[in-house]
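If you want the building blocks of each chain, they are given just below.
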Amino acid sequence: MEKETLIRPSLLSADFNHLGNAIKEAIDLGVQDIHYDVMDGTFVDSISFGEPIFKVVNKAFGESIAFDVHLMCVNPLKQVSQFAALGCKEISFHYEALTLGDIPRIKEIRGQYPELKLGLAFSPETSVDEIKNLLSLFDFVLVMSVVPGKAGQKYIEGSEKKIAQLDEYRKNFNLSFKIGVDGGINNVTGPLCVDSGVDWLVAGSYYFNAENKKEALNSLHKAKVIE
Ligand code: DX5
Ligand code: ZN
C-alpha cells in the first residue's frame with residue numbers, strides 16, 4: 001500500500017501582507033495542515049508571531065485547516081496551555097527547552113486537553129538516544145533538520161538517519177508516534193526523508209517561494225512510501 005506524504009507549509013515564509021490569502025490558497029490546494037512557527041527571541045534569536053495572530057487565523061480558517069504550532073520558546077508548557085485554550089489541536093515544543101519538573105506537567109496537560117496532539121521537537125545537536133525514553137508521552141516527534149530560528153536554511157545532511165532510527169524504534173517497540181521533519185525540505189531532501197520513514201514534511205521557503213505552488217506540492221508528493 002502506498003502512503004501519501006503530508007506536506008505542511010510553514011507560515012513563516014508566507015507574505016505577511018497577505019497572510020489570509022496564503023492560507024486560503026493552501027486550503028484550495030488541498031493542504032491539510034499549516035505549520036505555525038512561534039519564536040520568542042530567547043530560545044532562538046528571532047521573534048515571529050504568537051497567540052494573537054493564531055487566534056485570528058484559527059478563527060478564520062480553523063474549520064478548514066489545522067494549525068500545527070511549533071514552539072521555539074523557553075518555558076514552553078506555559079505557551080502550550082495558552083494555545084490549547086485558544087483551540088489549538090496540535091503543538092510541539094523543544095526537548096532542549098524542557099526541565100525535569102516539566103515531565104509531570106506534560107502528563108497533566110494530557111489529562112486537561114485529551115484531544116490535543118503533543119509533539120516533541122529536537123534540535124540537530126540532540127541525538128535520538130537522548131529523547132527516546134520520552135516518546136511514550138508524545139503523539140509525534142519533530143526532527144529538526146536545520147538549527148531552529150529561521151526559514152530558508154540548508155538541510156543538514158544525515159538528518160534522515162535520525163528519522164530512520166526513530167522509525168525503527170517505533171516498529172521495534174510497537175509505538176504509534178508519528179514523525180515529522182522540519183527545515184530545508186525541498187524536492188531532493190523531502191524524498192530522502194520519506195524513504196527513511198517520515199510521516200510529514202514541513203516546507204517553508206520551498207513552498208512559499210515557488211512560482212507554481214501546486215507543482216511544488218506535487219514534487220514533494222511524488223515522494224511516496226511503499227509499505
Ligand atoms: C525553522 C522553522 C521552520 C522553518 C522552515 O526554525 O522551525 O519551520 O520555517 O523553513 P524552510 O522550509 O525554509 O527551512
Ligand atoms: Zn518549524
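Summary of the structure given here. (Residues numbered from 1 in each chain as written. Chains lettered and ligands numbered in written order. Predicted model: local features only at pLDDT ≥ 70, side-chain atom pairs only at ≥ 80, totals over all residues. Heavy atoms only, no water.)

Some remarks on the site of ligand 1
Phase 1 of the analysis: Near ligand 1, the surroundings consist of 20 residues, among which Asp 37, Gly 149, Asp 182, Gly 204 and Ser 205 are the closest.
Phase 2 of the analysis: A distance of 2.8 Å separates an oxygen atom of ligand 1 from a polar atom in the backbone of Gly 152.
Phase 3 of the analysis: When ligand 1 sits alone it has 380 Å² of accessible area, and the protein chains cover 100% of it.
Phase 4 of the analysis: Contributions of two or more residues to the shell around ligand 1 are made by strand E3 (33-39), strand E4 (66-72) and strand E9 (200-203). (Near = heavy atom within 4 Å. Polar contact = N/O pair within 3.5 Å; in protein donor to acceptor, adjacent residues only side chain to side chain. Areas by Shrake-Rupley, 256 points an atom, 1.4 Å probe, with all protein chains shown as cover. Helix = DSSP H or I, 4+ residues; strand = E, 2+ residues; numbered from the N terminus.)

Regarding the state of the cysteines
Phase 1 of the analysis: Applying the stated criterion across every chain, the model contains zero disulfides.
Phase 2 of the analysis: Residue Cys 73 stays outside any disulfide, its sulfur separated by 12 Å from that of Cys 88, the closest cysteine. (Disulfide = S-S within 2.5 Å.)

Side note on the coordination of the zinc ion (ligand 2)
Phase 1 of the analysis: Protein coordination at the zinc ion (ligand 2) comes from His 35 (NE2), Asp 37 (OD), His 70 (ND1) and Asp 182 (OD), with a distance range of 2.0 to 2.3 Å.
Phase 2 of the analysis: Its six donor atoms give the zinc ion (ligand 2) angles of 71 to 175 degrees at the centre, a pattern that matches the octahedral case.
Phase 3 of the analysis: In primary sequence terms, the donor set of the zinc ion (ligand 2) follows H-x1-D-x32-H-x111-D. Of this pair, His 35 sits in strand E3 while Asp 182 sits in strand E8 (residues 178-182), and the two are 147 residues apart along the sequence. (Donors = N, O, S within 2.8 Å, 3.2 Å for Na, K, Ca; no water. Tetrahedral: all angles 85-135°; square planar, octahedral: opposite > 155°, others 65-115°.)

Some details on helix H1 (residues 19-28)
Spacing of three or four residues puts side chains on the same side of an α-helix, whose turn is 3.6 residues.
Phase 1 of the analysis: Every buried residue of H1 is accounted for by Leu 19, Ala 22, Ile 23 and Ala 26. One side of H1 holds all its buried residues, which, seen down the axis, span an arc of 95 degrees. In H1, those exposed residues whose orientation departs by more than 90 degrees from the buried face are Asn 21 and Asp 28.
Phase 2 of the analysis: Buried positions along H1 lie against E3, helix H2 (51-61), E4 and helix H8 (205-208).
Phase 3 of the analysis: Gly 30 lies just past H1 and shows a positive phi near 90 degrees. (Buried < 20%, exposed > 50% of the residue type's maximum accessible area, 1.4 Å probe, protein only. Arc of directions from axis to C-beta. Contact = heavy atoms within 4.5 Å.)

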